[in-house]
Amino acid sequence: QVQLVESGGGLVQPGGSLRLSCAASGSIFSRNAMGWYRQAPGKQRDLVAAIASSGMARYADSVKGRFTISRDNAKNTVYLQMNSLKPEDTAVYYCNAGPLAAVLDIKFRSWGQGTQVTVSS
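Take the state of the cysteines next. Any covalent bond linking the sulfur atoms of two cysteines counts as a disulfide. This structure, assessed with the given rule, holds 1 disulfide. The partner cysteine of Cys 22 in its disulfide is Cys 95, sulfur to sulfur 1.9 Å. The sign of the S-S torsion, about 60°, decides the handedness of the disulfide formed by Cys 22 and Cys 95: right-handed. Residue Cys 22 is found in strand S3 (residues 18–25), and its partner Cys 95 is found in strand S9 (residues 91–98); the two are separated by 73 residues along the sequence. Across the pair, Cys 95 and Cys 22 agree in class, each one buried.

In structure tokens form, the structure reads like this:
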């Protein structure tokens, strides 16, 4: 089982940038796919970006070209670099880890506390 702690959220103006971090422990990090997700008030939790153990990344259409997911297996950490932020990016951001199919299908029983990202002028 993997324990996850998200950080790096905050308040940023439209067009600004943030980098989120997710520190993982408790399992063999390098073998797991990792995903970043977000949930806005009243909406379902959606996949934002995923990265396989191979390093191959996938993105939601809404963030392609603006967000970059990366992983540092030596630090057991996955990052989400968010550029050109828009008000519609406002949400609580979560990470999770597991087999790639679970990451892509959002098949998890437990979640961390997440980190709030607010994009507003």
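We now examine the sheet that holds strand S1 (residues 3–7). Taken in spatial order, the 4 strands line up as S1-S3-S8-S7 in an open sheet, and their pairing is antiparallel. Looking at which strands have only one partner, the edges of the open sheet turn out to be S1 and strand S7 (67–72). Neighbour-to-neighbour, the strand axes of this sheet turn through a mean angle of 15°, independent of strand direction. In this structure, S7 lies alongside strand S8 (residues 77–82), joined through 6 bridges in antiparallel fashion. When the bridges of S8 are listed, Ser 70 appears paired with Tyr 79.

This part takes up the packing of aromatic side chains. On inspection of all chains with the given rule, the structure shows 4 aromatic pairs. Seen in terms of ring centroids, Phe 108 and Trp 111 are 5.6 Å apart; in terms of plane orientation they differ by 80°. Their pairing is edge-to-face. Overall, Phe 108 belongs to the buried group, its relative accessible area being 19%. On the accessibility criterion, Trp 111 (26% relative accessible area) is partly exposed. Among the aromatic side chains, those forming a connected cluster through ring pairs are Tyr 37, Tyr 94, Phe 108 and Trp 111. Across the ring face of Trp 111, the terminal group of Arg 45 is positioned such that the distance to the ring centre comes to 4.2 Å.

What counts and what doesn't
- Residues numbered from 1 in each chain as written.
- Predicted model: local features only at pLDDT ≥ 70, side-chain atom pairs only at ≥ 80, totals over all residues.
- Heavy atoms only, no water.
- Disulfide = S-S within 2.5 Å.
- Helix = DSSP H or I, 4+ residues; strand = E, 2+ residues; numbered from the N terminus.
- Buried < 20%, exposed > 50% of the residue type's maximum accessible area, 1.4 Å probe, protein only.
- Pairing = 2+ DSSP bridges.
- Axes fitted to C-alpha atoms, helices over the stretch in contact; angles between N-to-C directions.
- Phe/Tyr/Trp six-rings, centres within 6.5 Å; stacked < 30°, edge-to-face > 60°.
- Lys NZ or Arg CZ within 6 Å of the ring centre and 35° of its normal.

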